[in-house]
Amino acid sequence: MSITNEQELAGMQKASEAVAYTLKEMIQYAQPGMTTKDLDEYGAKILSGFGAKSAPHLTYGFPGWTCISVDHEFCHGIPTDKRILKEGDLINIDVSAELNGYWSDNGGSFVIGKDIHQHQTLVDASKDILQKAINHIKGGVKIADIGFLMETEAKKRGFKVIRNLAGHGIGKSLHEQPDELMNYRNRYDSRRFRKNSVVAIETFISTTSNIAVELNDGWTMVGNKGGYMAQHEHTIVVTDGKPIILTEMNEILN
């Protein structure tokens, strides 16, 4: 969507506050020994306290309120009472929701407890790359140039990007134009970021794979060559200068 008045901005701010606060609380709540279903239900309570509805559940009938992916799962992990979180797990939580007709999306990867499997370097790379990307986004900037920046920064650190996952426009629904905000430079993409547009910008930084493939459950995605992936995501408003980070409250880049 494109923000045209104060009412729309306020609506987006409220929806973004709901998802950002939920994500932050879920990250703090996550502990070794709990199940991903426990964690998901904790997030669901927070969302409903805001009057917000789970976007993947509402839009796609996703079998959970938030997406929780662990270790080799890259994204769209289904919360379950069979998955018990362990010390050192790499976990990704993606929280998106609708509130009063406005939609917002955010996510973050982190290590549970001590970093016994050395995932933190990947997590930090993903955070740094999202921060750099956001710092370079403004009205008139080529979408492909931000993709190029993300891939270049990943390569510098010895990582790859996933080429079939992308950020997207958001606002009046979960996925809007501009779609396919890729983590690499698509030389056929001549689009530019438009001032006042709302986008969910996200990283997909991986150790080994460059394509995400879907498992038989119809949701969970893993790497075509295995390995691990970190994702960080903010919903932002594009301006003439520094973007407005609507989901800043999640503190994923701290």
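Residues numbered from 1 in each chain as written. Predicted model: local features only at pLDDT ≥ 70, side-chain atom pairs only at ≥ 80, totals over all residues. Heavy atoms only, no water.

## Brief notes about the packing of helix α1 (residues 6–29) against helix α2 (residues 36–50)
And then number 1: It is at 9 Å that the axes of α1 and α2 come closest, and there the two elements cross at 150°. With respect to each other, α1 and α2 are oriented roughly antiparallel. Every pair of crossing elements has a handedness; the one defined by α1 and α2 is right-handed. Taken together, the residues of α2 that come into contact with α1 (itself represented by E17, A18, V19, Y21, T22, E25, M26 and Y29) are D38, L39, D40, Y42, G43, I46, L47 and F50.
And then number 2: Of the residues contributing to the contact of α1 with α2, the split by class is 10 nonpolar, 2 polar and 4 charged. (Axes fitted to C-alpha atoms, helices over the stretch in contact; angles between N-to-C directions. Helix = DSSP H or I, 4+ residues; strand = E, 2+ residues; numbered from the N terminus. Parallel < 35°, antiparallel > 145°, perpendicular 65-115°, else oblique. Left-handed = near helix turned anticlockwise from the far one by under 90°. Contact = heavy atoms within 4.5 Å. Nonpolar A, V, L, I, M, F, W, Y, C, P; charged D, E, K, R; others polar.)

## As for the sheet that holds strand β11 (residues 212–214)
And then number 1: Reading across from one edge, β3-β12-β11 is the order of the 3 strands in this open sheet, with antiparallel pairing throughout. The outermost strands of the open sheet, each flanked by one partner alone, are β3 (73–75) and β11. Across this sheet, the average inter-strand angle for adjacent strands is 50°, counted without regard to direction.
And then number 2: Inspection of the sheet shows β3 paired to strand β12 (residues 221–223) by 2 bridges, in the antiparallel sense. Pairing of E73 across the sheet is with V222, part of β12. (Pairing = 2+ DSSP bridges.)

## Regarding the packing of helix α4 (residues 120–136) against helix α5 (residues 143–156)
And then number 1: Look at α4 against α5: their axes get within 10 Å of each other, and the N-to-C directions meet at 150°. Accordingly, the angle class assigned to the pair α4 and α5 is roughly antiparallel. Classified by chirality, the crossing of α5 by α4 is right-handed. Across from I129, K132, A133 and H136 in α4, the residues of α5 making contact are I146, L149, M150, E153 and A154.
And then number 2: Of the residues assigned to the contact of α4 with α5, the class counts are 6 nonpolar, 1 polar and 2 charged.

## Focus on the packing of aromatic side chains
And then number 1: Scanning all chains against the criterion turns up 3 aromatic pairs.
And then number 2: For the ring pair Y29 and Y42, a centre distance of 3.7 Å and an interplane angle of 10° mean the geometry is stacked. Taken together, the residues span a long stretch of sequence, with Y29 in helix α1 and Y42 in helix α2 at a distance of 13 residues.
And then number 3: Taking 5.2 Å as the distance between ring centres and 90° as the angle between the ring planes, the aromatic pair formed by F62 and W219 counts as edge-to-face. Of the two residues, F62 is situated in the loop between α3 (55–60) and β2 (67–70) and W219 in the loop between β11 and β12; the sequence distance between them amounts to 157 residues.
And then number 4: By relative accessible area, F62 is classed as buried at 1%. (Phe/Tyr/Trp six-rings, centres within 6.5 Å; stacked < 30°, edge-to-face > 60°. Buried < 20%, exposed > 50% of the residue type's maximum accessible area, 1.4 Å probe, protein only.)

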